[in-house]
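This is what each chain is made of:
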Amino acid sequence: MNREIEAIYALWKRELIRFFRAKSRVIGSLGMPFFFLAILGTGLSNAFILPMEGNYLEFITPGIIGMVLMFGSMFSGIVVLMDRQFGFLKETLVAPVSRASIVIGKALGGATTAMFQGIIIMLIAFFLGVNFQIGSVLLLLLFMFMVSVMFVSLGITIASKMEDMHGFQIITNFLIMPLFFLSGALFPLSTAPEILRVASMFDPLTYGVNGLRHILIGYSDIPFTTCFAVISAFTVVFIAIAIWSFNRIEE
Amino acid sequence: MVLKPIIVYFVMTKAIETRELSKNYKELKAVDKVSLVVEKGTIFGLLGPNGAGKTTLISMLVTMRKPSGGSAKVNGFDVEKEAGNVRKSIGIVFQDQSLDDELTAKENLEMHAAMYSVPKAERGKRIKAMIKLVGLKEQLGKEVKTFSGGMKRRLEIARGLVHHPKILFLDEPTIGLDPQTRASIWDYIKKLNKEKGITIILTTHYMDEADSVCGKIAIVDQGKIIASGSPRQLKNELGGDVVSIECRNSEKCRKQLEKFEWVKEAVKHNGTVNIRVEKGEEKIPKILAIVNKQGIKVESVSLRKPSLDDVFIHYTGRTIREQEASPGAAMRLRIKAWGHKR
Ligand SMILES: Nc1ncnc2c1ncn2[C@@H]1O[C@H](COP(=O)(O)OP(=O)(O)O)[C@@H](O)[C@H]1O
Ligand SMILES: [Mg+2]
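Every value quoted in this text rests on a predicted model; they were computed, and no experiment measured them. (Residues numbered from 1 in each chain as written. Chains lettered and ligands numbered in written order. Predicted model: local features only at pLDDT ≥ 70, side-chain atom pairs only at ≥ 80, totals over all residues. Heavy atoms only, no water.)

**Q** Just give me the short version of the interface of chain A and chain B, but keep the residues and values in it.
**A** The interface of chain A with chain B comprises 25 residues on the first partner and 31 residues on the second. Sorting the residues of chain A by area buried against chain B places A:R21, A:E91 and A:V94 first, and these three jointly supply 24% of that buried surface. Summed over the shared surface of chain A and chain B, the number is eight salt bridges. The shortest N-O distance in the salt bridge between B:E107 and A:R21 comes to 2.8 Å. (Contact = heavy atoms within 4.5 Å. Buried area = accessible area lost by both parts, 1.4 Å probe. Salt bridge = Lys/Arg side-chain N within 4 Å of Asp/Glu carboxyl O.)

**Q** Any chance you could break down the packing of aromatic side chains for me, citing the residues and the numbers?
**A** Residues and elements named next belong to chain A. Counted according to the given criterion, the structure contains 15 aromatic pairs over all chains. With a centroid separation of 6.2 Å and an interplanar angle of 20°, the aromatic rings of Y56 and F59 are classed as stacked. With Y56 and F59 both in helix α3 (residues 56-85) and three residues apart, this pair spans about one turn of that helix. Exposure class is identical for Y56 and F59. Each is buried. Over the face of the ring belonging to F59 we find R213, whose NZ or CZ atom lies 3.7 Å from the ring centre. (Phe/Tyr/Trp six-rings, centres within 6.5 Å; stacked < 30°, edge-to-face > 60°. Helix = DSSP H or I, 4+ residues; strand = E, 2+ residues; numbered from the N terminus. Buried < 20%, exposed > 50% of the residue type's maximum accessible area, 1.4 Å probe, protein only. Lys NZ or Arg CZ within 6 Å of the ring centre and 35° of its normal.)

**Q** Outline helix α11 (residues 280-293) of chain B, listing residues and values.
**A** Residue and element names in this part refer to chain B. Over its 14 residues, α11 runs 20 Å from end to end, which matches the ideal 20 Å to within 8%, given 1.5 Å per residue. Where α11 is buried, its residues meet β11 (241-247), α10 (250-258), β13 (272-277) and β14 (298-304). Of the residues trailing α11, G295 is marked for its positive phi of about 70°. (Expected span 1.5 Å × (residues − 1).)

**Q** I'd like to hear about the sheet that holds strand β1 (residues 14-25) of chain B, residue by residue, with values.
**A** Residue and element names in this part refer to chain B. In space, the four strands of this open sheet follow the order β2-β1-β4-β5, with antiparallel pairing throughout. Looking along the sheet, the strands with just one partner apiece sit at the ends: β2 (28-39) and β5 (77-78). Where β1 meets strand β4 (residues 69-74), five bridges bridge the pair, whose relative direction is antiparallel. By the bridge assignment for β4, R19 is matched with S71. Of the strands in this sheet, β1, β2 and β4 touch helix α2 (residues 54-61), which is tilted by about 120° from β1. (Pairing = 2+ DSSP bridges. Axes fitted to C-alpha atoms, helices over the stretch in contact; angles between N-to-C directions.)

**Q** Provide a residue-level description of the pattern of salt bridges, including the pertinent values.
**A** Applying the stated criterion across every chain, the model contains 32 salt bridges over all chains. Here B:E251 makes a salt bridge to B:K255, at a shortest N to O gap of 3.9 Å. Pair noted here: B:E251 and B:K255 are both in helix α10, with a separation of four residues, about one helical turn. The exposure class of B:E251 is partly exposed, given its relative accessible area of 27%. Using a relative accessible area of 48% as the deciding quantity, one classes B:K255 as partly exposed. If you follow the salt bridges from partner to partner, you end up with A:R14, A:E15, A:R18, A:R25, A:D83, A:K106, B:D100 and B:E102 in one network.

**Q** Describe the packing of helix α2 (residues 23-43) of chain A against helix α5 (residues 99-127) of chain A, and please don't skip the residues or the numbers.
**A** Axis angle and axis distance: for two packed helices, these are the angle between their axes and the distance between the axes, and together they describe the pair. Residues and elements named next belong to chain A. At a minimum axis distance of 10 Å, the contact between α2 and α5 shows a crossing angle of 40°. Taken together, α2 and α5 sit at an angle that is classed as oblique. The two elements α2 and α5 meet at a crossing, and its hand is right-handed. Contact residues: α2 offers V26, S29, L30, P33, F34 and L37, while α5 offers F116, Q117, I120, I121, I124 and A125. For the contact of α2 with α5, the residue count by class is 10 nonpolar, two polar and no charged. (Parallel < 35°, antiparallel > 145°, perpendicular 65-115°, else oblique. Left-handed = near helix turned anticlockwise from the far one by under 90°. Nonpolar A, V, L, I, M, F, W, Y, C, P; charged D, E, K, R; others polar.)

Here you go:
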């Protein structure tokens, strides 16, 4: 058991070292969300009739945090593919530790860096004038953590199935982007057309964004208990699928 | 009982034992019923051309791929049933690079030590010792992406040793390196074996290097072991001498000489014909007379004892060099290229 925990810790640390070493990656990953906040948040301030008090910037901030969590986590999951291409994956696969520990180590590492990015975006939003009403910091962190682990697991699952980086573009265009736009990060679901609203119910990020919105500014299109239940369930299921898929990698 | 310790001792002298170990990729028999024993403390070389199945064989021994048939024991542990114990007791240097480029040498080693549960108190000491062994002390804090190919290779060897394995697997440890680095890597390997008693299993297709480094070798071709023994043994079994003639029409020359009963074997390679005979010094005049009669112009003649290259030619009918791979081997290589694209 000790052996497994050590391995998890080592892999977690690796993710952090890699993340913080590539300064350009850190800054690059924060660029897009920053512009979303700064430009959309102010430019579209009168475009929607919001079902809540507060301005549009306040409405999309939790959505953008959800986006950062998803992008950051998915990317660290997909790094498994790069590890395979550059050979490092083999080194982990023949180590005397279980594959489950490898997945858990990666998931924790990826979640930590994604949460770090999410918190930075929160700070930026704060300086842009967002008025947060955070009930429980612990609940916030737990929720962010679950959302991140869920998406790292999805990333690992996808990476375990893909042979090389060529499919990466497809994943970005046909999975990540739709998940983001459907989630109600940028517009209120309560006033959206029926078809969008139904589709968004199948998007795990919908529950992530609305849960965050509830915790951060006290509004949600979906009851928080539903969000919490759905996200916990998705997290558990996705990590199980990730372990299962990773177990099936032959090399 | 007195017998038991003897039996245990007998069993434990084997670092590796395989029985009809096989691996199929669809219809291709990449490893074909290989039965092999490697005694502890040996430097054991697997020699063979590209696509012979060396890497696949090693992958099964290190629990990376599952055998399609047969069984294998490494350090007394079954590779399928006791994979965890096998993994703990071996070190591996893969054919292809497997370091994390974005970490420093030290971080790579620390990570490995943690994954192999090296006691915390020992890690620093061991990392220092290993890095010194491979001569990378100055580079310890540098990111691996700044390293040359040779430095990366040495770092991988150091990494493979941090957890004090009983067996070290090295798949083509010197491929693509310059001669000087190659020589120094072989020196490390010999030193390791001698000072620490580590069993070493390596693959290579540099015959001369295998000859000078390995205590025992097995020649692998098309998934099968076709000969094994110490390099000296294998060469002695061939016996006699090799007369090499460099000439214009080497194929014609080879054909002429092949006919004679005293010629054990005549093989052409580039512009040279290697003729294996007894008492070479007496045969040179005879050979020259025959060749002259055919009007073939001879550029040079030399006499030597058989090398491992000749052993390889004897068993496979061709040299180990890739460009002369048999049609079968060429197909196997194509399959490989295809397999990697997928
Ligand atoms: N993953 C794979 N899928 C299909 N064929 C493979 C795979 N790996 C190796 N092979 C084939 O098995 C044969 C042996 O390959 P390999 O063990 O790499 O040889 P060597 O290491 O001696 O060059 C080759 O013909 C290669 O094409
Ligand atoms: Mg190979």
